[in-house]
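What follows is the residue order along each chain.
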Amino acid sequence: MDGKSAGGVQSVERVFDLLSIITASGGESSLSELASRAELPLPTIHRLLRTLIPLGYVRQLPNRSYALGPGLIRLGNAAGLQLGTYAQPVLQGLVDELGESANMAVLDGQMVVYVGQAQSSHSMRMFTEVGRRAHMHDTGVGKAILATLPEQQVLSIVTSMGMPTPTVKSHGTVESLLADLEVIRERGYAVDDEEQEIGVRCFSMVLPNAPTPTAISVSGPTTRVDWEFGERAVPLLRDAAQRLSAQFASAG
């Protein structure tokens, strides 16, 4: 490999390092934070940022810090939809076993976006659409993912996005959400217990070692998706999550 090629590869690696640092900081980082965590000279960081900003992959905020840019949304949506298509047989397997709708969602900035779905055959079904973005604090998939993130990132997300309460059961305070996330970590799965919509319950679990924070879920009316249903669903969700993680790993 010649010097020019080696330099090009190094620049690509540094760009992804900067994007990863901004992502881990909740989507926004100051120049000093980037310099400290990337361990790069300021002129190098300036040069890389000047390249990324016109492309829309990074934007500079009025306070002079840097944030993820809208150009990443198109790339992320396309990648997420590919993951959803890849996961379709596993999601359909959950529907065949449990009779209720199955979904897959990924972290998209400070929200979750649904990227895969298999619908129940029941006349009363869930109508979450592929491509829909949702808050994290009141969805099963969102809480499952939040439980894997550092507390500071969780606080950054809910501070930035707010905590709307679509139902009386939704988390309206940081304290109640953090307590729920601790329970989720201990038992290994999340429950949206009528927090998005009264009469709807959802059991959800993250994919271990996924290429991006990802969760799958099964959901339906509380008349069918009760706690006995959860006892059947959780082992099947765990098996599906492990199989999907293994598939993604083998696919590189």
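The present account deals with the structure reproduced in this document. Predicted model, so just to flag it, every value in this text is computed and none were measured.

## Some words on helix α2 (residues 31-38)
- Taken as a whole, α2 has its buried residues at L34, A35 and A38. The arc enclosing the buried residues of α2, seen along the axis, measures out at 95°, which places them on a common side. Seen from the open side of α2, the exposed residues pointing more than 90 degrees away from its buried face are S32 and S36.
- Within two residues after α2, E39 carries a phi angle of roughly 55°, on the positive side.

## Digging into helix α6 (residues 151-161)
- Burial in α6 covers these residues: Q153, V154, I157 and V158. Relative to the axis of α6, the buried residues are bounded by an arc of 125° and lie together on one face. Turned more than 90 degrees from where α6 packs its buried face, Q152 and T159 sit exposed.
- Positive phi appears at G162, one or two residues downstream of α6, with a value of about 80°.

## Concerning the sheet that holds strand β3 (residues 66-68)
- Read across the sheet, three strands follow the order β1-β3-β2 without closing on themselves; strand pairing throughout is antiparallel. Of all the strands in the sheet, just β1 (28-29) and β2 (58-60) have a single pairing partner and so form its edges.
- Summarising the sheet, β1 and β3 pair through two bridges and their orientation is antiparallel. Bridge pairing in β3 places E28 opposite A67.
- Across the sheet, helix α3 (residues 42-55) touches β2 and β3, and the angle it forms with β2 is around 105°.

## Focus on the nonpolar core
- Judged by nonpolar contacts, the single largest core of 27 residues is most densely connected at L94, M104, F203, I216, V218 and L244.
- Counting only elements with at least two residues in this core, the list comes to α4 (71-98), β4 (101-108), β5 (111-118), β8 (200-206), β9 (214-221) and α8 (227-250).
- Residue contributions to this core peak at eight residues, all from α8.
- For L94, the contacting residues outside a window of four places in its chain are G99, A102, I216, V218, L236, L237 and A240.

Definitions and cut-offs
Residues numbered from 1 in each chain as written. Predicted model: local features only at pLDDT ≥ 70, side-chain atom pairs only at ≥ 80, totals over all residues. Heavy atoms only, no water. Buried < 20%, exposed > 50% of the residue type's maximum accessible area, 1.4 Å probe, protein only. Helix = DSSP H or I, 4+ residues; strand = E, 2+ residues; numbered from the N terminus. Arc of directions from axis to C-beta. Pairing = 2+ DSSP bridges. Contact = heavy atoms within 4.5 Å. Axes fitted to C-alpha atoms, helices over the stretch in contact; angles between N-to-C directions. Core = buried A, V, L, I, M, F, W, Y, C linked by side-chain atoms within 4.5 Å.

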